[in-house]
Amino acid sequence: MRVSISLLVALILAAAAVHGQEHATEPRPASAPPRDTTAALVLSLGGGASRYVMPHDARLDIDREGAAYMFRLCLHTSRRLRAGVESGWTLFYSYELNDVETSFGHTDAGLTLSAIPVLAVFSMPVFGSLTVHAGTGGYFVRSHATSFGETVDVVRFAQGWMAALSWDVGVFRQTRVGAELKWYGATEFDDGVVLLQLRMSFPLLTW
Amino acid sequence: MNRTSHTVIVLLLLLLPSALRAQETPEGMHFPAPGPVWSSQSAIGLRLLTVPRDIAEEELNKAPSIEAQSVLSLPWHFSVRGGAVLQVLTNELRLGTHWSWRLGDVSMSVGDDWAFWFGFMNLDGFDNRANGWINYPGVAVGIDLGAARLSARGEGIFLLSQHTLAGESEVSSTKRMLVGTALTLAMEQPISRGTEMYLGVRLSRTKFHYQTWFAFSTFDRHLLFSELLIGVLL
Amino acid sequence: MMSPGAPRVPSTRWGIGGVRWHPGRLLLLVLLLQLSCNEEVVLPVPAIDVAAELAGTRALPPAVLTAMEGVYEVIDGQALLGREAVVKHTGSGLSIFTDRDAGVVMLECGIADSAIIVVGTWRKLTGTETGVFRASISELHGAARLLAGGTAEAGAVTVLGDFGNATGKGMRPLQLVYRRPLYHGPRPFLVIAHRAGGRNSDHLPASENTAELVRMAERFGANGVEIDVQVTRDGVPVVYHDETLNLRLTQKSGLVGSISDYTLAQIESFVRLKNGERIPTLRRMLGTILRQTTLRFVWLDSKYTVPVALLRDLQRAYVDSARHFNRDLTIVIGLPDAEKVDQLLRIPDYEDATVLCELDVETVRRTHAEIWAPRWTMGTQNALVAAMHAEGRLVLSWTLDNAEYIQQFLRDGDVDGILSNYPSLVAYYHFVQ
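Report on the accompanying structure. (Residues numbered from 1 in each chain as written. Chains lettered and ligands numbered in written order. Predicted model: local features only at pLDDT ≥ 70, side-chain atom pairs only at ≥ 80, totals over all residues.)

**What about the overall build of chain A?**
To keep it simple, the criterion reads: Only DSSP runs of H or I covering at least 4 residues are called helices, and only runs of E covering at least 2 are called strands; the numbering of each starts at the N terminus. Two residues qualify as a contact pair if the distance between their C-beta atoms, derived from the backbone, is within 7 Å.
A tally of helices and strands in chain A yields 1 helix and 8 strands. For chain A, the proportion of contacts with a sequence separation of at least 24, taken over those separated by at least 6, is 61%.

**A closer look at the overall build of chain B**
Scanning chain B from terminus to terminus reveals 2 helices and 10 strands. Put simply, of all contacts in chain B between residues at least 6 apart along the chain, 55% involve residues at least 24 apart.

**Details of the nonpolar core**
Quick reminder of the rule: Think of a nonpolar core as buried Ala, Val, Leu, Ile, Met, Phe, Trp, Tyr and Cys residues chained together by C-beta atoms that fall within 7 Å. Put simply, a residue is buried when 20 or more other C-beta atoms lie within 10 Å of its own C-beta and exposed when 12 or fewer do; between those, it is partly exposed, and each C-beta is set from the backbone.
In terms of nonpolar packing, the biggest core is built from 157 residues, with Ile192, Val225 and Leu396 of chain C touching the most fellow members. The element best represented in this core is strand β4 (residues 105–127) of chain A, accounting for 7 residues. Once residues lying within four places of it in the same chain are set aside, the contact partners of Ile192 of chain C are Ala222, Gly224, Val225, Glu226, Phe297, Trp299, Leu396, Gly417, Ile418 and Leu419 of chain C. If you look at the next biggest cluster of nonpolar residues, it comprises 17 residues, including Leu185, Val201, Leu229 and Leu233 of chain B.

**Structural notes on the pairing of strand β6 (residues 150–172) of chain A**
Residues and elements named next belong to chain A. The criterion, for reference: By this definition, two strands are paired if DSSP reports at least two bridges between them.
Relative to β6, strand β5 (residues 130–147) is paired through 18 bridges, and the arrangement is antiparallel. Residue pairing for β6: Thr136 is matched across the bridge by Trp161. Between β5 and β6, which pair antiparallel in sequence order, lie 2 residues; one of them, Phe148, sits at a positive phi of approximately 50°. As paired elements, β6 and strand β7 (residues 175–186) share 11 bridges and run antiparallel to each other. Residue pairing in the sheet places Leu165 in a bridge with Leu181 of β7. The hairpin turn running from β6 into β7, its antiparallel successor, is 2 residues long, and Arg173 in that turn takes a positive phi close to 45°.

**Looking at the packing of helix α13 (residues 403–412) of chain C against helix α14 (residues 423–431) of chain C**
All names here are of chain C. Cut-off, in case you're wondering: As a rule, the C-alpha atoms of each element are fitted with a line to give its axis, helices using only the stretch in contact, and angles between N-to-C directions run from 0 to 180 degrees. Each angle receives one of four descriptions, namely roughly parallel if under 35 degrees, roughly antiparallel if over 145, roughly perpendicular if within 65 to 115, and oblique otherwise. In a left-handed crossing the near helix is turned counterclockwise from the far helix by less than a right angle, and in a right-handed crossing that turn is clockwise.
In contact at an axis separation of 10 Å, α13 and α14 are set at 40° when each is read in the N-to-C sense. With respect to each other, α13 and α14 are oriented oblique. In this structure, the crossing between α13 and α14 has a hand that is right-handed. Judged by residue contacts, Ala403, Ile406, Gln407 and Leu410 of α13 engage Leu425, Val426, Tyr429 and His430 from α14.

**Overview of the sheet that holds strand β1 (residues 39–52) of chain A**
Residues and elements named next belong to chain A. Overall, antiparallel pairing links the 8 strands, which are arranged β1-β2-β3-β4-β5-β6-β7-β8 in a closed barrel. With strand direction ignored, the average angle separating the axes of adjacent strands in the sheet is 25°. When β4 meets β5, the two strands line up antiparallel, connected through 18 bridges. Paired with Ile116 across the bridge in β5 is Phe140.

**Here we look at the sheet that holds strand β3 (residues 70–76) of chain C**
Each strand in a sheet pairs with its neighbour through backbone hydrogen bonds, running either in the same direction (parallel) or in the opposite one (antiparallel). All names here are of chain C. Overall, antiparallel pairing links the 8 strands, which are arranged β3-β4-β5-β6-β7-β8-β9-β10 in a closed barrel. On average, adjacent strands in this sheet sit at an angle of 30° to one another, irrespective of strand direction. Contacting β3, β4 (84–90), β5 (93–97) and β6 (103–112), α14 crosses the sheet at an angle of about 110° to β4.

**Quick look at helix α8 (residues 282–292) of chain C**
Residue and element names in this part refer to chain C. For clarity, the cut-off: Of all possible arcs, the one meant is that of the directions from the helix axis to the C-beta atoms.
Residues Leu282, Met285, Leu286 and Ile289 constitute the buried set of α8. Down the axis, α8 shows its buried residues gathered within 95° of arc, on one side only. Residues of α8 that are exposed and point more than 90 degrees away from the buried face comprise Arg291 and Gln292. Summarising the contacts, the buried residues of α8 are in contact with α6 (211–217), β12 (224–231), β13 (237–239), β14 (297–302) and α9 (308–324).

**What about the environment of Gly200 of chain B?**
All names here are of chain B. Mapped onto the secondary structure, Gly200 falls in strand β9 (residues 195–206). For Gly200, a count of 24 C-beta atoms within 10 Å corresponds to the buried category. Taking the C-alpha atoms as reference points, Gly200 and Ala84, 116 residues apart in sequence, are found 16 Å from one another. Apart from the residues within four sequence positions on either side, Gly200 is in contact with His30, Thr184, Leu185, Ala186, Met187 and Leu229.

Keep in mind that these numbers describe shape and distance, not what the molecule does.
Structural data, given as structure tokens:
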């Protein structure tokens, strides 16, 4: 039996909101918008490695490692809790099959499963430059399959969630660089990856 | 009187104690501590049930319900707790007595709830009604962390009776049977001055969950039902 | 810390024993708890080698298997079989049906030293319990009479043996005594196995909607099957229930989307069903039913994108084949919705097609359907059933698994058959009437 993790993401989001309320009057975190502005639209770009972490059938020798990139647009205000959207691309897994027997004869076959996340993300600094992120939404999951020399691409949306922890430091004016450890979970399809990415963020717009 | 009116009246009755309550109130809805005598507390919220894949198959497996509950503190650390989970297709009214005590930050209670569940299904291809009684004996433990209270309540689920109708055909059964257990984990904490919310998860490992009565499930094995609970104290 | 009964005072800090608490920590704990509650059901395989146990025995003539059919009183073994059990000749052996948890015993038989030996396995279809079953009818307890071509008579045939759990341990005694013949009723009754035998969630030895399961359907008590037909991107009808390729029905393959997104070659290259089978083509299923079973009714449930005209062509071809093989086989096209009704009505000679309609009786008349199949949840609907019978149509109820309602439909209703995930239960209540 499986239980939808997305329910718990909602719990985490709500808890984060509560926690954000608690800390609303605390000193400003390092990544808050400059004091002469009240809000900033911050763009984060990241890229790195992914590893598929969900169980898979033993009959398929899947390649779990791949690449991933992301972009996140987040509204920073004087509140500790931030909200935004995140997308990007990640590989889930790929595999090759040799000499598969079918009623049409034998063939070599290969499949690549990747995803484009579309997530509403809530972020909150918790300790210094350490920030937690939690998101809900889903993934456009794409099957790229080849057999008998013919390739087919099919995309379907799967509900899902994400959770991440990022750390960054200021390097130039308001530009910050750092790293992010993240879990993408397309729970509806029982797919999930852990990502380790280098990230850079800077305010796109301030007011 | 239509079902919407029924729902409104049940909600009003459940929330009445909060309007009449004393200045001091019990400590939350889920926290098992004794409250000031004759004080009361009410809450309203939402429940979201996730139905196991064995029952839902490829159909929609999330079932939201409105939840309202009240507690009235009685002398000698007793309390009466009542609640309703309403959704038209599946509904449950619940009433029980609990006895609680407190040791420092930790509180505990034992109690027994009786619930009447009922539902209607008059969609295309369905002409069904159902009702029955469930008994939930349980124990709870809570810890007061200052600004938040954490509670865990374990319950047995005894299906006492079940009555279903399909068109003119009907089946009734009355037998006291332990069909499963449930664990509710809840966190209650203020979100602003005077307003407190609860967040929780209820995990039922059971052969029967009243909210899936219209599936007429025949599985003789325990399935896991997960419910997200969220609401505000009034 | 607050004292008992103190009013609530909102605060912005949590703490106990010097440890700071954070909502995220609690919720992560809950998350872990939920994940740890996931469980996979493992269906044990009974520790018995039926072929080895029957080695050295002679085959039992089918006529003797048929002569053994009847309602037996259970003297010992009521924990498994209840107070009465139905013994039925199915496939190459015998099945025993019981009302205990939709139980079924599947047995192979042989003759050794003038005794009839029966060996096999039992399963409770509502759960995952299974085990071994060994019994015999000695020469003095009725074997001599049966092997001489006689029929069973009340009290004249006694089955003695034992049954145990899946490991073959904890054996308990069995004693069954023949009491009366099976009920056959005034007209044939259809016991139809849902999805070729049952749902995946009942953890059957084969995946739902497969040739492997259809071969077991008779052992489960069915004389008909319902199968779900969809069409691939290259127009091949295949047997598959759900709208998507999902983890309920298939092993994880990475193919997302529906059957109609892929060619059959692509599906066969990548997809395996839950128990490792390939998604069967409709032709393969019908061929299996025709040549490897004695089933006499097939309900083709037309799903999603499958054109009714395509089903009509295959129906005609396989009915002709059945006639060629001298098989009593009815193949009906199921119409579950208005779209499929419209597709049927656009076929020029649609009146000649044998059709089952799940919609209202007016649509049944409009489509010239031979069979009306209302959902059982509408009740027995005796007045409408009588009207359909008066027009020469059959009525089937679907999908009825509840034991009490099955009894009510058989006792108070007048349907011509029941579609069920538990055909053994329907067979039991039908034959003990």
